[in-house]
Protein chains: 4
Amino acid sequence: MSDSTFGRLFRITTWGESHGAGIGVVIDGCPAGVALCEEDIQKLLDLRKPGQSRYTTARNESDSAFILSGVFEGRTTGTPISVMVRNADQKSRDYSNIAESYRPGHADYTYDQKYGFRDYRGGGRSSGRETIGRVIGGAVAMKVLEKFGVSIITFTSSIGPVRISRENMDFSLINDNALRMPQADISEAEVYLKEVMANGDSAGGVIECHISGCPAGLGSPVFGKIDAQLSKAVMSIGAVKGVEIGDGFEASTHRGSENNDSFYSDGTNTLKRTNHSGGILGGMSDGDTIILRAAIKPTPSISMVQDTVNRNNENIKLQIKGRHDPCIVPRAVPVVASMCAITILDALMVNATSEIHRLIAAYQKD
Amino acid sequence: MSDSTFGRLFRITTWGESHGAGIGVVIDGCPAGVALCEEDIQKLLDLRKPGQSRYTTARNESDSAFILSGVFEGRTTGTPISVMVRNADQKSRDYSNIAESYRPGHADYTYDQKYGFRDYRGGGRSSGRETIGRVIGGAVAMKVLEKFGVSIITFTSSIGPVRISRENMDFSLINDNALRMPQADISEAEVYLKEVMANGDSAGGVIECHISGCPAGLGSPVFGKIDAQLSKAVMSIGAVKGVEIGDGFEASTHRGSENNDSFYSDGTNTLKRTNHSGGILGGMSDGDTIILRAAIKPTPSISMVQDTVNRNNENIKLQIKGRHDPCIVPRAVPVVASMCAITILDALMVNATSEIHRLIAAYQKD
Amino acid sequence: MSDSTFGRLFRITTWGESHGAGIGVVIDGCPAGVALCEEDIQKLLDLRKPGQSRYTTARNESDSAFILSGVFEGRTTGTPISVMVRNADQKSRDYSNIAESYRPGHADYTYDQKYGFRDYRGGGRSSGRETIGRVIGGAVAMKVLEKFGVSIITFTSSIGPVRISRENMDFSLINDNALRMPQADISEAEVYLKEVMANGDSAGGVIECHISGCPAGLGSPVFGKIDAQLSKAVMSIGAVKGVEIGDGFEASTHRGSENNDSFYSDGTNTLKRTNHSGGILGGMSDGDTIILRAAIKPTPSISMVQDTVNRNNENIKLQIKGRHDPCIVPRAVPVVASMCAITILDALMVNATSEIHRLIAAYQKD
Amino acid sequence: MSDSTFGRLFRITTWGESHGAGIGVVIDGCPAGVALCEEDIQKLLDLRKPGQSRYTTARNESDSAFILSGVFEGRTTGTPISVMVRNADQKSRDYSNIAESYRPGHADYTYDQKYGFRDYRGGGRSSGRETIGRVIGGAVAMKVLEKFGVSIITFTSSIGPVRISRENMDFSLINDNALRMPQADISEAEVYLKEVMANGDSAGGVIECHISGCPAGLGSPVFGKIDAQLSKAVMSIGAVKGVEIGDGFEASTHRGSENNDSFYSDGTNTLKRTNHSGGILGGMSDGDTIILRAAIKPTPSISMVQDTVNRNNENIKLQIKGRHDPCIVPRAVPVVASMCAITILDALMVNATSEIHRLIAAYQKD
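This structure is a prediction, so every number in the text was calculated from the model and none was measured. (Residues numbered from 1 in each chain as written. Chains lettered and ligands numbered in written order. Predicted model: local features only at pLDDT ≥ 70, side-chain atom pairs only at ≥ 80, totals over all residues. Heavy atoms only, no water.)

Colleague: Even after reading the chapter, I still don't get the interface of chain D and chain C, so can you show me in this structure?
Modeller: Buried accessible area, meaning the area lost when the parts come together, often serves as the stated size of an interface. In this complex, chain D contributes 108 residues to the contact, which on the side of chain C involves 108 residues. Between chain D and chain C lies a buried interface of about 8400 Å² when both sides are counted; carbon and sulfur atoms form 57% of it. Area buried by chain D at its contact with chain C is led by Phe223(D), Lys241(D) and Phe263(D), which between them contribute 11% of it. For the interface between chain D and chain C, the tally reads four salt bridges. Between Arg255(D) and Glu195(C) there is a salt bridge, and its shortest N-O distance comes to 2.6 Å. Seen at the junction of chain D and chain C, the total is 43 residue pairs in polar contact (both at pLDDT 80 or more). Grouping the amino acids of the side of chain D that touches chain C by side-chain chemistry returns 41 nonpolar, 47 polar and 20 charged. (Contact = heavy atoms within 4.5 Å. Buried area = accessible area lost by both parts, 1.4 Å probe. Salt bridge = Lys/Arg side-chain N within 4 Å of Asp/Glu carboxyl O. Polar contact = N/O pair within 3.5 Å; in protein donor to acceptor, adjacent residues only side chain to side chain. Nonpolar A, V, L, I, M, F, W, Y, C, P; charged D, E, K, R; others polar.)

Colleague: Sorry if this is basic, but what is going on with the relation of the copies chain B and chain A here?
Modeller: The pair of chain copies shares a relation made of a rotation about an axis and a shift along it. Once turned by 180° and shifted 0.0 Å along the axis, chain B lies on chain A with an RMSD of 0.0 Å. Taken together, the turn and the small shift mark the pair as related by a two-fold rotation axis. Take the interface residues of chain B: 100% of them recur as interface residues in chain A, which is what a same-surface contact looks like. (Least-squares fit on C-alpha atoms with pLDDT ≥ 70 in both.)

Colleague: I'm lost on the pattern of salt bridges in this one. Help?
Modeller: Any two side chains of opposite charge can pair, given that their charged atoms come close. Taken as a whole and assessed by the stated rule, the structure comprises 80 salt bridges over all chains. A salt bridge links Lys143(A) to Asp40(A); the shortest N-O distance between them is 3.5 Å. Pair noted here: Lys143(A) is in helix H4 (residues 131–147) and Asp40(A) is in helix H1 (residues 38–48), with a separation of 103 residues, a long-range link. Under the relative-accessibility criterion, Asp40(A) is labelled buried at 18%. Where Lys272(B) meets Asp288(B), a salt bridge forms, and the shortest distance between an N and an O atom there is 3.5 Å. Here Asp288(B) lies in the loop between strand S15 (284–285) and strand S16 (290–296) and Lys272(B) lies in strand S13 (residues 270–272), a separation of 16 residues in the sequence. According to the relative accessible area criterion, Lys272(B) is buried, its value standing at 10%. What makes Asp288(B) partly exposed here is its relative accessible area of 23%. Residues participating in the shared-partner salt-bridge network are Arg103(A), Asp108(A), Asp112(A), Arg118(A) and Arg311(A). (Helix = DSSP H or I, 4+ residues; strand = E, 2+ residues; numbered from the N terminus. Buried < 20%, exposed > 50% of the residue type's maximum accessible area, 1.4 Å probe, protein only.)

Colleague: Hey, could you run me through the relation of the copies chain D and chain C in this one?
Modeller: Structural alignment of chain D on chain C gives an RMSD of 0.0 Å, achieved by rotating through 180° and translating 0.0 Å along the axis. Taken together, the interface assignments show that 100% of the residues at the interface of chain D recur at the interface of chain C, consistent with an identical surface on both copies.

Colleague: What exactly am I supposed to notice about the interface of chain B and chain A here?
Modeller: At the interface, 108 residues of chain B touch 108 residues of chain A. Taking both partners together, chain B and chain A bury about 8400 Å²; carbon and sulfur atoms supply 57% of that area. Three residues stand out in chain B for area buried against chain A, namely Phe223(B), Lys241(B) and Phe263(B), and they jointly supply 11% of the buried area on that side. In this assembly, chain B and chain A are joined by four salt bridges. Note that Asp3(A) and Arg8(B) form a salt bridge whose closest N and O atoms lie 3.4 Å from each other.

Colleague: Which parts of the structure should I look at to understand the packing of helix H6 (residues 226–235) of chain A against helix H9 (residues 329–351) of chain A?
Modeller: For any two helices packed against each other, one specifies the inter-axial angle together with the distance between the axes. All names here are of chain A. Viewed as axis vectors pointing N to C, H6 and H9 meet at an angle of 145°, and their least axial separation amounts to 9 Å. Between H6 and H9 lies a crossing whose hand is right-handed. Facing H6, whose interface residues are Ile 226, Gln 229, Leu 230, Ala 233 and Val 234, H9 presents Val 336, Met 339, Cys 340, Thr 343, Ile 344, Asp 346 and Ala 347. When the residues that make up the contact of H6 with H9 are grouped by side-chain class, the tally is nine nonpolar, two polar and one charged. (Axes fitted to C-alpha atoms, helices over the stretch in contact; angles between N-to-C directions. Left-handed = near helix turned anticlockwise from the far one by under 90°.)

Colleague: Before we go on, may I ask you to explain the confidence of the model for chain A in this structure?
Modeller: The predicted structure's coordinates, where accompanied by low pLDDT, should not be read in detail. Averaged over every residue, the pLDDT of chain A is 91; residues scoring 70 or more account for 93%. Two summary scores accompany this predicted model of the complex, namely pTM at 0.96 and ipTM at 0.95. (pLDDT = per-residue confidence, 0-100.)

Colleague: Got a minute to help me understand unusual backbone geometry in this structure?
Modeller: The general pattern is negative phi for most residues beyond glycine and trans for most peptide bonds. Backbone geometry places Asp63(B), a non-glycine residue, at a positive phi of 50°. Among the secondary structure elements, Asp63(B) is positioned in the loop between helix H1 (38–48) and strand S4 (65–67). Within the chain, Asn313(C) stands out as a residue other than glycine whose phi angle is a positive 60°. With respect to the secondary-structure elements, Asn313(C) resides in the loop between strand S17 (306–309) and strand S18 (315–318).

Colleague: Even after reading the chapter, I still don't get the environment of Lys43(A), so can you show me in this structure?
Modeller: All names here are of chain A. Here Lys 43 is to be found in helix H1. Note on Lys 43: relative accessible area 61%, which makes it exposed. As a C-alpha pair, Lys 43 and Ile 136 span 93 residues in sequence and 9.8 Å in three-dimensional space.

Colleague: I would appreciate a short explanation of H1(B) in the present structure.
Modeller: An α-helix turns once per 3.6 residues; consequently, residues spaced three or four apart project the same way. Listed as buried for H1(B) are Asp40(B), Ile41(B), Gln42(B), Leu44(B), Leu45(B) and Arg48(B). Buried positions along H1(B) lie against S4, strand S7 (81–86), helix H4 (131–147) and helix H9 (329–351) of chain B.

Colleague: Just checking my understanding: could you explain the packing of aromatic side chains for this structure?
Modeller: Between two aromatic rings, the relevant description is the distance of the centres plus the angle of the planes. With the rule as written, the count across this model stands at 30 aromatic pairs over all chains. Where Tyr111(B) meets Tyr115(B), the ring centres are 5.3 Å apart and the plane angle is 40°; that geometry is what we call tilted. Within this pair, Tyr111(B) and its partner Tyr115(B) are both found in helix H3 (residues 108–115), separated by four residues, close to a single helical turn. Summarising the burial analysis for this pair, Tyr111(B) and Tyr115(B) share the class buried. The structure contains a cluster of three or more aromatic residues connected by ring pairs, namely Tyr102(A), Tyr109(A) and Phe263(B). Here the guanidinium or amino end of Arg86(B) rests over the ring plane of Phe66(B), the centre of that ring lying 5.8 Å away. For Arg273(D), the ring lying beneath its charged end belongs to Tyr264(D), and the centroid distance is 4.0 Å. (Phe/Tyr/Trp six-rings, centres within 6.5 Å; stacked < 30°, edge-to-face > 60°. Lys NZ or Arg CZ within 6 Å of the ring centre and 35° of its normal.)

Colleague: In this structure, what is going on with the sheet that holds strand S3 (residues 22–28) of chain D? I would like to understand it.
Modeller: Sheet strands line up and pair through hydrogen bonds in the backbone, either parallel or antiparallel. Residue and element names in this part refer to chain D. If you walk across this open sheet you meet the five strands as S1-S2-S3-S7-S4, and the pairing is antiparallel. Strand pairing shows two members of the sheet lacking a second neighbour, strand S1 (5–6) and strand S4 (65–67), which therefore form its edges. Here S3 pairs with strand S7 (residues 81–86) via six bridges, running antiparallel. Paired with Val 26 across the bridge in S7 is Ser 82. Against the sheet, helix H4 (residues 131–147) contacts strand S2 (11–16), S3 and S7, and its axis sits at roughly 35° relative to S3. (Pairing = 2+ DSSP bridges.)

Colleague: Whenever I open this one, the packing of H4(A) against H9(A) confuses me. Can you help?
Modeller: All names here are of chain A. In the contact formed by H4 and H9, the axes pass within 7 Å of each other and the chain directions differ by 50°. In terms of orientation, H4 and H9 fall into the oblique class. Crossing of H4 over H9 shows left-handed handedness. For the pair formed by H4 and H9, the contact residues are Thr 131, Arg 134, Val 135, Gly 137, Gly 138, Ala 141, Met 142, Val 144 and Leu 145 on the first element and Pro 334, Val 335, Ala 337, Ser 338, Met 339, Ala 341, Ile 342, Ile 344, Leu 345 and Leu 348 on the second. When grouped by side-chain class, the residues that make up the contact of H4 with H9 number 14 nonpolar, four polar and one charged. (Parallel < 35°, antiparallel > 145°, perpendicular 65-115°, else oblique.)

Colleague: Mind showing me how you'd approach the pairing of S7(B) here?
Modeller: For a regular strand, side chains alternate in direction, first toward one face of the sheet and then toward the other. All names here are of chain B. By the criterion of burial, S7 is predominantly enclosed, with five of the six residues buried. Note that S4 and S7 share three bridges and pair antiparallel. Looking at the pairing, Ile 67 lines up with Val 83 of S7.

Colleague: Would you mind going over the sheet that holds strand S10 (residues 205–212) of chain C with me for this structure?
Modeller: The ten strands lie next to each other as S9(C)-S8(C)-S10(C)-S16(C)-S11(C)-S11(D)-S16(D)-S10(D)-S8(D)-S9(D), forming an open sheet whose pairing is antiparallel. Unpaired on one side and paired on the other, strand S9 (162–163) of chain C together with strand S9 (162–163) of chain D mark the two borders of the sheet. Pairing of strand S8 (residues 151–159) of chain D with S9(D), which is carried by two bridges, proceeds in the antiparallel orientation. Residue Ile159(D) lies in a different strand from S9(D), and its bridge partner there is Val162(D).

Colleague: Any chance you could explain empty space enclosed by the protein here in plain terms?
Modeller: The method is simple in principle: a probe with the dimensions of a water molecule rolls over the atoms, and the space it marks as empty is what remains. Residue and element names in this part refer to chain B. Scanning the model with the defined rule gives 18 cavities of 30 Å³ or more in all. Roughly 90 Å³ of internal volume is contained in the second largest cavity. As for the second largest cavity, its lining consists of 14 residues, and the residues nearest its centre are Tyr 111, Arg 118, Asp 119, Gly 123 and Gly 124. For the lining of the second largest cavity, the per-class residue count stands at three nonpolar, five polar and six charged. (1 Å grid on protein atoms, 1.4 Å probe; cavity = no way out; pocket = protein on both sides within 12 Å on 5 of 7 lines; lining within 4 Å. Points joined across faces, edges and corners; volume = space filled by probe spheres on them.)

Laid out in structure tokens, this is it:
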């Protein structure tokens, strides 16, 4: 049950519900001496905030991050960094139909089964606002990762059935459009979304993450495989229903001769001619770009009337009111990026112990 | 680096390389009083052993399990259960070309990068033999799970591009055919495999797992989501490149109105009309069957000549000799089942602490 | 480094420095449905606050606890409980001599060696204020423990060389005197303390903790011994230099025939005639009162001039200014109680999985 | 319950009972490239084996260690090192009185309360033989530690009430006498022990451990204090009832001016004039020798008739037969050393991540 902590050496602990005093995170294990200020965090946080476009909820939340500890004279001290975002004043609202009924596709039923009791206001701890803590943690992780030359690019690779065009991918365009697609023309996805919204329905999509600059050797050969760690990290995000690395499910349809990436030497480095492996071999990073995709289900909150039951196990009709995200994918992009950043930094810190291997190796020569 | 342990309350630690004295596992946290003997383990282990069909390696390994501790008078004592499988006497073989070169798709390169050194005989710790410890742990977990009415059915749902027919699925047929497919006619997959083998190539596939009988409430709302735990468990298996729950990647192309599972009451229980969620809502089991799929890449060991480099970073041609699995999918079926069993039992034990919730609830009424 | 989290199923993560925005804790894994309000926490917190007597620092800190999450309609929800205490406005002070020099007996030197950098204001994270998060966690744990009939009594058993009189122990008097001694007459200790204070010196002491009402079987036989867990918990408190269980170090001077506690039956229960074991046998609670003692070193901050070095490794004279606790023992009493409460509740929750043993046992009879 | 694993990055998992097939350990996270053979382990293991003197049990167990995995061409590979000691063939013996009754001072009662069932032969998992796995892990840890200049000296500092003479301490004599005392004349302790043995009684004692060569900065400021970690490690050994660091309980009777260790500079290094702190300040190693003492209770197995109850809760008389250690202290010396070695190596490996601090610091200068 005490599962609000993620990571081993670089570690985040998140807290807070949709309608309490606020949402926060404690980041433990961050190296000392890293320059850090609230703007570093706010920049990434703004990419997940609501109200950015017609495709996401119109709620207006400023979501300002305050650093409460762990930073002194503009630099991290190596002690826990506590960061909080206050919840905006909540209008007094009538939650009685949500309190007493189980919304399809939501965690209302499983919460009640597990705890016998739940904070039903705005989804409580299962609200999308829970991801604020993850994004704050991710922003801090990225500040450290950039010191090591690791960079993370994350984008929408499909909205519903509409996929991006791989030929025209341009990562510089990702934040220029509301859907976070790496291309200039997003009209096909927009047409699809408008039609979905006109019906009071919702859409899902796929998010893709490219992590470059990792040294070879992150992760370990058995249960600590870096792909296994990334999968847990990303699958722990609310709406994610699938994760794949490199060619993923498609690799299962290929032959070994197609899927194997040949190694070659350019005279200096050992490189791969292709990257079907997605930068990971035997659970360890191979030095190439790590590629991961996450499937996002359509938002369960829709305006249409739905069949369901109430807490007394009576069959009822339910219509969910209020403002919801017709498509959460664009706002989930920084969340996927953050969980990857946290996982990679943690692996990098665990791997720092490999210095010991090298030390030992040096001794052995004597 | 110390990542050879998996699980929290029910926990396995595996050890052993392909060519050492043996392979083993220490199972810690198993409840006391469970009837357990070597035959219970051997039955599952035999499903992963080589030499079962023309589609898997012809190596002859008996893989007999010996229980070394933790069982007294035929029952588990609650203390660690140590189980070992001795490696058959290894023929003295010439490994020099593997020792000095990096096989494409294998962990040779990443191992050397991480440790500066590796046991190159038969893949060492990255050998498929590493999964023996997982299957032993899974067999023990299944013995406990059956006491709680949880059962796990696992099967091949595709070989290369050939998928099973969903209409004719019959789980009673899974172990009647060499490919572990839940149907009588597997000829289409066999034709594909024979053609692949004739070319000295290899094939992948997809494995599907159905876990039924779980109470609602396994897992927890944030980082301990049961789908996140299962993803890590399954993605930590050597050849797995993707994991999905319920409708998985397909769900990302659907609308909310299609993907939401309506709840209904049959007068007694709260049930779902469909199971697109794959038995998990908000990271907690919803009482329905948990459905998971794992993508298996084609075996990297193929007979064709491949381009690669050696340890001196020189471009070379490599032909891998010896007997290999043209398709590892059928032998990986019990491995996927085992990792799911271990994860679910662990979650069930963590959830036992929910008894405390109920106790508290009872007190509150006073 | 990420060591600001303690516990397995009931878990606290603390954050905050002496001179930042505040001090806080995230309590994760608390059972749902427990009545909890800020007064429950404040009561214990007030026992550790400064300014309670002439023997502790005269600083005036109100230390008011605010619950930021995890409580809904007056009851815990099973999600993380975030609690914060704001630091009072800090007078602008001159820390230059502390910033540049290493106080004997303090962590200044080791901090600089580990992190190369430290928040020197008021001891930063090594300040006694760090224990605020522990006491908040302890207060919540005690609220849950009382539902299970577990109670914890903690008191001062010696101040410097002055020990309490075992014959006249009366636990009802503990909070009636400034030294938290379980007796009416504390004059001998007061005489000692006054003399120490007159010299600008400081004193240590011993704290004793009695935990009653635990079921037999908490803890486990090897590395999870309940005495080992308690030792870690208590030794992690700043000034503690020793921990013992039952007769502790004295037991090492006794013979087996003296130290063994005879079991006897009163017709209904299995009981022990003596409790030299301190309620723990083979690492598991034996149903008797658990008895633990912690040695507290004298406060390192003294008014006398001391020899030390500065950051440039130059020999200097240092006189520490400001208000300090001549004896921290009375204020450490609730801290020791809190760490024991957290450890015992965590063990109780892990032990809830023993329900599974009983379930299995029931099945075996079939 | 799954508490048979100890350590974070350097980690041991022990298994085995007194009367099963054997006793073993899986050592995970050992750096790659360390020269290791069975003799390295056997040397330390021989110091704990029975039958070494008249003061310990006369049982004859050869306790030979076999390395089953993780070593290739004489060097560790970075993968789990599995080591096993076979139990000697057990004479068929009558355990009926132990099976049905609760020996005072033993874990029989608490085991039955926790698991409802126990392997009663020779104490099962609570047997002293459980420490074999710890000593094997310790021997491997020491091999790595010596590469870093860390050395561990452990000895008996008292037997019952007889203390060693601090003036005449000579560490070179420790293994020259049966009691592992650092002095030439052990006659006073021998006189005491002979008298105890003549009465069929048993004795306890204190073990002291000096760890030198540690860099400053091992451990961390809050729950990961190196003294807290060492306490848990040592208190988890069967007969230990107390642990102290530096001046320990005696420090609680001293004044700050006596207990503070002054820093001074010798021109090059920052040093301490005294070592009351036992090499630890604020939970982090200060570069000085770490000093720890563990109180060992008298062996609970004595030949005298004792009052107790049986499993039916009936009052009975019990006389324990068989060969037992009248004083376990000398054989526990390598066990204490081993737990300290494992803890320190683990902390050293976690601390290797501090390399990252230095890297960051270097970047900041830009």
